[in-house]
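Structural features, examined
What follows is the residue order along each chain.
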Amino acid sequence: MNKGCLQCTDFLLLTIALLMMPVSVGFAADEPQSPAAGLQTKLPADAAKVIHERGLKPDDILGAVSTFVPSGQYDDYMMFASGGHSGQMFVIGLPSMRLLRTIAVFEAESWQGYGFGVKETPLMNAPIGGDSQKVGWADTHHPALSETNGDYDGQFLFIGDKSHGRIAVIDLRDFETKQFADGTLMHNDHGGCFVTPNTEYIIEGAQYAEPLGGEYAPISQYKEKYRGLATFWKFDRQQGRIDIENSFAIELPPYWQDLADAGKGPSEGWVFMNSFNTEMATGGIEKGNPPFEAGTAQRDMDYLHVFNWKKAEALIAASKFETKNGFKLISLKTAIDEGVLFFIPEPKSPHGVDVTPSGKFMVVAGKLDPHVTIYSFDKMLKAIEAKDFEGNDEYGVPIIRFDAAMEAQVELGLGPLHTQFDNQGYAYTSLFLESAVARWTLGDDKFQAPEKPWTLVGKVPVQFNIGHLATTGGDTVNPEGKYLVALNKWSVDRFSKLGPLLPQNLQLVDIGKTGDTLKVLYDMPMGSGEPHYAQIIKADKLKTWDVYPEVGWNTLTQSKSDKAVMEGKIVRDGDNVEVYMPVIRSHFDPEHIEIKQGQHVTMHITNLERTIDATHGFSIAGYNIAASIEPGETVTIEFTADKPGVYPYYCLEFCSALHLEMAGYLMVKPKK
Ligand code: CUK
Ligand code: CUA
């Protein structure tokens, strides 16, 4: 027997041992066999051969058996990841790391019938900046799941668009986008959104300061005319919509506000938001000025913004606001005078701010500082009450003394960005420059790690250059501490050659075992966008529909449409032609639609099916129309038949043996 075979025998034994370990330990010989022990006899002999042929090492086998989800079984967790400048969102199952679906949000997506004629989507006629200009793309950064009492409730999902300062609302009953809320005061924001513990508000920080309301001011008037912003979008859970009327923003100095997190538990009612470029650098490399990258990194400290949002809400109720571009705005002066806004120095060019599960501490990571800085909410509050300020910034915002609010600093490594939590008293911080995840202990009484508080206990290398990281339930009051996903920016040599544009690499880490060295279990290439951030929810918290509740469902209003019919008909009123079209395997009714050139056509198409997965599509190639009509759904399509000719329409989903026969003709008779 050669050496390789000996090795593969070892590996087989290891596999069996791994399979048996959790349940077989402690079983006496005369006890009945454990279920896992039964696997030993059933493990196919070919397994050793496969392990040998594929050259798998023990860690590979551990990764494989830890992440494999057999056919027909479901993943335990669902990860909702943003899609960067693909403008969409991705739903990924854990531990399998399978991409389960894309959610079309800000961009057209024909598989979902999103953006190609169907009216029941916010994409059709989306305004931007209040000027109704259509944009076809977005840069999605931070998803936020709706919360009840600080825990994900599985009802709604929000996602920010950095490029156009928008937020979208997704209903998790059907995983479809329902609304865009469009900021009218600034052209951009960080694309981050963060919810308060009962989803009263969705918070969005600005990014690049600009004159508010789309006005013009030369860069020489940066300090006087440019401003930052924090927007508080009011969420109406009953309607499943952002209530734009009752949303508001707070005017801020022209620092570049970044990420935020909402207080919870003792800090509920407060919001913490990072900023950088408190230098107010204005760039201009071409004129010999310091470029932004240098200009924004002059000072050792920037300002953590601390907001009392309950007080801000009371100001709105008391009409202490102005209205700009139709949006409620609390002026910087009012925010200062009324005690809504405070600063605390934070080192240095910070990026992430994350509130610990207990709500007692705020963790800030400075991109250019090897430490994370932990602030105590209790100390902050005491400093505010005692007016323990080191002074004011040049706009008059009181600055809490760093030492008055700081609890601890932990040296982690190079390029710390974002922090997540588990249920064992550990925090996890991404180290961009070091390509690692640092695990360190919280000095928090909610969960307690065995090691000394505020101590680095280990690092797991990742490939490569990690941005965000997400843990199971990681932003809630009850993190589950099961998995961590590293969202790495670079994948370099991890996957097959794909040309110069490489996917991001999402790596799964098992964090459930105390004391164990953390290991990457699985690499998932994300080849359709750059997920900046993700949140991971226990799959059984989602209460999704299998089919729409009633036949004739309007998915935008989430109620029955009055245009649903069981039998097809064409109603003609002068040049307006209305087509009522039921759809069921395997026909459209009607199959002929005859109209005259120039007539306006409105189609109401209803999928009569009640069978799970019996989705039909509808397309008219010459008219740029593509719909996905899921079981029970009614869609509306409107177009002017300005091009004469004969246009076949057909079903886009291979829905039955006679799917190809599911077709019809749109006949547009020329005017002359
Ligand atoms: S950001 Cu991309 S790595 Cu928009 Cu949260 Cu930090
Ligand atoms: Cu319906 Cu194919």
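Residues numbered from 1 in each chain as written. Chains lettered and ligands numbered in written order. Predicted model: local features only at pLDDT ≥ 70, side-chain atom pairs only at ≥ 80, totals over all residues. Heavy atoms only, no water.

**Points about the overall build of the chain**
Definition in use: In this description a helix means any DSSP run of H or I spanning at least four residues, a strand means any run of E spanning at least two, and both kinds are numbered starting from the N terminus. Here the globule rule is a power law, 2.2 Å times the number of residues to the power 0.38, and the radius of gyration is based on C-alpha atoms. Between buried and exposed lies partly exposed: a residue is buried under 20% and exposed over 50% of the maximum accessible area for its type, with that area taken using a 1.4 Å probe on protein chains only. Throughout, a contact is declared for two residues whenever any of their heavy atoms are within 4.5 Å. Note that accessible areas follow from Shrake-Rupley with a 1.4 Å probe, and for residues the cover is restricted to the protein chains shown.
Counting secondary structure elements, the chain contains 10 helices and 44 strands. Radius of gyration (C-alpha) of the chain: 28 Å, near the 26 Å computed for a compact globule of 672 residues. The principal-axis extents of the C-alpha atoms in the chain amount to approximately 80 × 80 × 50 Å. Burial status across the chain gives 58% buried among its 672 residues. Taking as baseline every contact in the chain between residues at least 6 positions apart, the subset at least 24 positions apart corresponds to 61%. Carbon and sulfur atoms provide 53% of the accessible area of the chain, an area that totals close to 28,300 Å².

**What to know about the sheet that holds strand β25 (residues 426-431)**
Paired through their backbone hydrogen bonds, the strands of a sheet run either parallel or antiparallel. Where we set the bar: For two strands to be treated as a pair, DSSP must find no fewer than two bridges joining them. Whenever a helix is involved, its axis is fitted only over the stretch in contact; in every case the axis is a line through C-alpha atoms, and angles between N-to-C directions fall within 0 to 180 degrees.
Reading across the sheet, the 4 strands line up as β24-β25-β26-β27 and stay open at both edges, with antiparallel pairing between neighbours. Single-partner strands in this sheet number two, and they are β24 (416-421) and β27 (456-461). The sheet shows a mean angle of 25° between the axes of neighbouring strands, taken without regard to direction. Pairing of strand β26 (residues 436-441) with β27 involves 5 bridges; the strand directions are antiparallel. For Trp440, the partnering residue across the bridge sits in β27 and is Leu456.

**Some details on the sheet that holds strand β6 (residues 166-171)**
Read from one edge to the other, the open sheet built from 4 strands follows the order β4-β5-β6-β7, with strand pairing classed as antiparallel. The open sheet terminates on both sides in strands that have one partner only, identified here as β4 (140-148) and β7 (176-182). The mean inter-strand angle of the sheet, taken between neighbouring strand axes irrespective of direction, is 30°. Relative to strand β5 (residues 151-161), β4 is paired through 6 bridges, and the arrangement is antiparallel. Bridge assignment links Glu147 to a residue of β5, and that residue is Tyr152.

**Observations concerning the environment of His616**
What counts, and what does not: Polar contacts here mean pairs of N or O atoms no more than 3.5 Å apart (in protein, one a potential hydrogen donor and the other a potential acceptor; neighbouring residues in sequence count only if both atoms are side-chain atoms).
With respect to the helices, strands and loops of the structure, His616 is situated in strand β40 (residues 616-620). Residues His616 and Tyr114, spaced 502 residues apart in sequence, show a C-alpha to C-alpha distance of 14 Å. Aside from chain neighbours lying at most four places away, what touches His616 is Val583, Ile584, Arg585, Asn607, Glu609, Ala627, Ser628, Ile629, Cys651, Glu653, Cys655 and Met662. A polar contact of 2.9 Å, which involves the side chain of His616, links it to the side chain of Glu609.

**Some thoughts on the site of ligand 1**
This is how the line gets drawn: If a single non-hydrogen atom of a residue is within 4 Å of a molecule or strand, that residue counts as near it. Each residue is assigned to one class: nonpolar for Ala, Val, Leu, Ile, Met, Phe, Trp, Tyr, Cys and Pro, charged for Asp, Glu, Lys and Arg, and polar for all the others, Gly among them.
Neighbouring ligand 1 are the residues His141, His142, His190, Leu259, His351, His418, Gly467, His468, Lys489 and His532. Where the shell around ligand 1 is concerned, the elements lending two or more residues are β4 and β28 (466-471). In terms of residue class, the shell around ligand 1 is built from 1 nonpolar, 8 polar and 1 charged.

**Section: the pairing of strand β42 (residues 634-640)**
Of all 7 residues in β42, 5 are buried; the element is thus mostly enclosed. In terms of strand pairing, strand β39 (residues 600-607) meets β42 through 7 bridges, oriented antiparallel. From the neighbouring strand, Ile605 faces β42, where its bridge partner is Val635.

**Examining the pattern of salt bridges**
Our working rule: What makes a salt bridge here is a side-chain nitrogen of Lys or Arg within 4 Å of a carboxyl oxygen of Asp or Glu, nothing more.
Under the definition given, this model contains 25 salt bridges. Linking Asp161 and Arg166 is a salt bridge whose minimum nitrogen-to-oxygen distance equals 2.9 Å. You can call Arg166 buried: its relative accessible area is 0%. In this structure, Glu394 engages Lys223 in a salt bridge whose closest nitrogen and oxygen atoms are separated by 3.7 Å. Residue Glu394 is located in the loop between β21 (389-392) and β22 (398-400), and its partner Lys223 is located in helix α5 (residues 222-225); the two are separated by 171 residues in the primary sequence.

**A look at the side chain of His418**
With respect to the helices and strands, His418 occurs in strand β24. On the basis of relative accessible area, His418 is assigned to the buried category, the value being 4%. Here the side chain of His418 touches His351 through a polar contact of 3.1 Å, side chain to side chain. Of the polar contacts made by the side chain of His418, one reaches the side chain of His468; its length is 3.0 Å. Setting aside residues up to four positions removed in sequence, His418 forms contacts with Leu259, His351, Gly352, Asp354, Tyr428, Thr429, Ser430, Gly467, His468 and Leu469.

**Things to note about empty space enclosed by the protein**
The following threshold applies: Using only the protein atoms, space was sampled on a 1 Å grid; points where a 1.4 Å probe fits but cannot get out form cavities, open sets with protein on both sides within 12 Å along at least five of seven lines form pockets, and lining residues are those with an atom within 4 Å of a point. Grid points are joined across faces, edges and corners, and a volume is the space filled by probe spheres set on the points. Start and end positions for the domains come from either an automated domain assignment or a database one.
In this structure the tally under the stated criterion is 4 cavities of 30 Å³ or more. Of the pockets and cavities examined, the largest cavity occupies roughly 220 Å³. Looking at the largest cavity, it is lined by 25 residues, and the ones nearest its centre are Phe194, Ala260, Asp261, Asp475 and Gln535. For the lining of the largest cavity, the per-class residue count stands at 12 nonpolar, 8 polar and 5 charged. In this structure, the second largest cavity spans a volume of roughly 150 Å³. Forming the walls of the second largest cavity are 17 residues, and the residues nearest its centre are Gln112, Gly113, Tyr114, Thr121 and Glu176. The set of elements that each furnish at least two residues to the lining of the second largest cavity consists of β3 (98-103) and β7. Broken down by class, the residue content of the lining of the second largest cavity amounts to 6 nonpolar, 6 polar and 5 charged. If you count residues domain by domain, the lining of the second largest cavity takes at least three from each of domain 2 (77-103 + 138-541) and domain 3 (553-669).

**Side note on the pairing of strand β16 (residues 327-330)**
A two-sided burial pattern is seen for β16, the buried positions comprising Phe327 and Leu329 on one face and Lys328 and Ile330 on the other. Judged from the 3 bridges that link them, strand β11 (residues 241-252) and β16 form a sheet pairing that is parallel. The residue bridging Ala249 from the neighbouring strand is Leu329, located in β16. One ladder, built from 3 bridges, connects strand β15 (residues 322-324) with β16; its direction is antiparallel.

**Overview of the confidence of the model for the chain**
When pLDDT drops low, the exact placement of atoms in the prediction is not to be read closely. Where we set the bar: The predictor attaches a confidence to each residue, and that confidence, scored 0 to 100, is pLDDT.
Of all residues in the chain, 92% attain a pLDDT of 70 or more, and the chain-wide mean is 92. Counted against residues more than four places away or in other chains, residues 129-133, with its pLDDT under 50, gives 6 contacts.

**Focus: unusual backbone geometry**
Across the chain, the bulk of peptide bonds are trans and the bulk of non-glycine residues have phi less than zero. Between Arg585 and Ser586 the backbone carries a cis peptide bond, its omega angle lying at 0°. One can find Ser586 in the loop between β36 (576-584) and β37 (587-588). Following Asp589, the chain continues to Pro590 via a peptide bond in cis, the omega torsion being 10°. Along the chain, Pro590 turns up in the loop between β37 and β38 (592-596). Located in the positive-phi region is Asn465, a residue other than glycine, with phi close to 50°. With respect to the helices and strands, Asn465 occurs in the loop between β27 and β28. Judged by its relative accessible area of 18%, Asn465 is buried. The backbone phi angle of Gln558 is positive, close to 55°, even though this residue is not glycine. Given a relative accessible area of 14%, Gln558 falls into the buried group.

**Thoughts on the nonpolar core**
Where we set the bar: We define a nonpolar core as any set of buried Ala, Val, Leu, Ile, Met, Phe, Trp, Tyr and Cys residues linked to one another through side-chain atoms lying within 4.5 Å.
Membership of the largest hydrophobic core comes to 37 residues, with the highest contact counts inside it found for Phe232, Phe248, Ile250, Val271, Phe307, Ile330 and Leu341. Excluding anything up to four places from it in sequence, Phe248 contacts Tyr201, Ala230, Thr231, Phe232, Ala312, Glu313, Ile316, Phe327, Lys328 and Ile330. Counting 28 residues, the second-largest nonpolar core is a separate cluster that includes Met603, Val635, Ala641 and Leu666.

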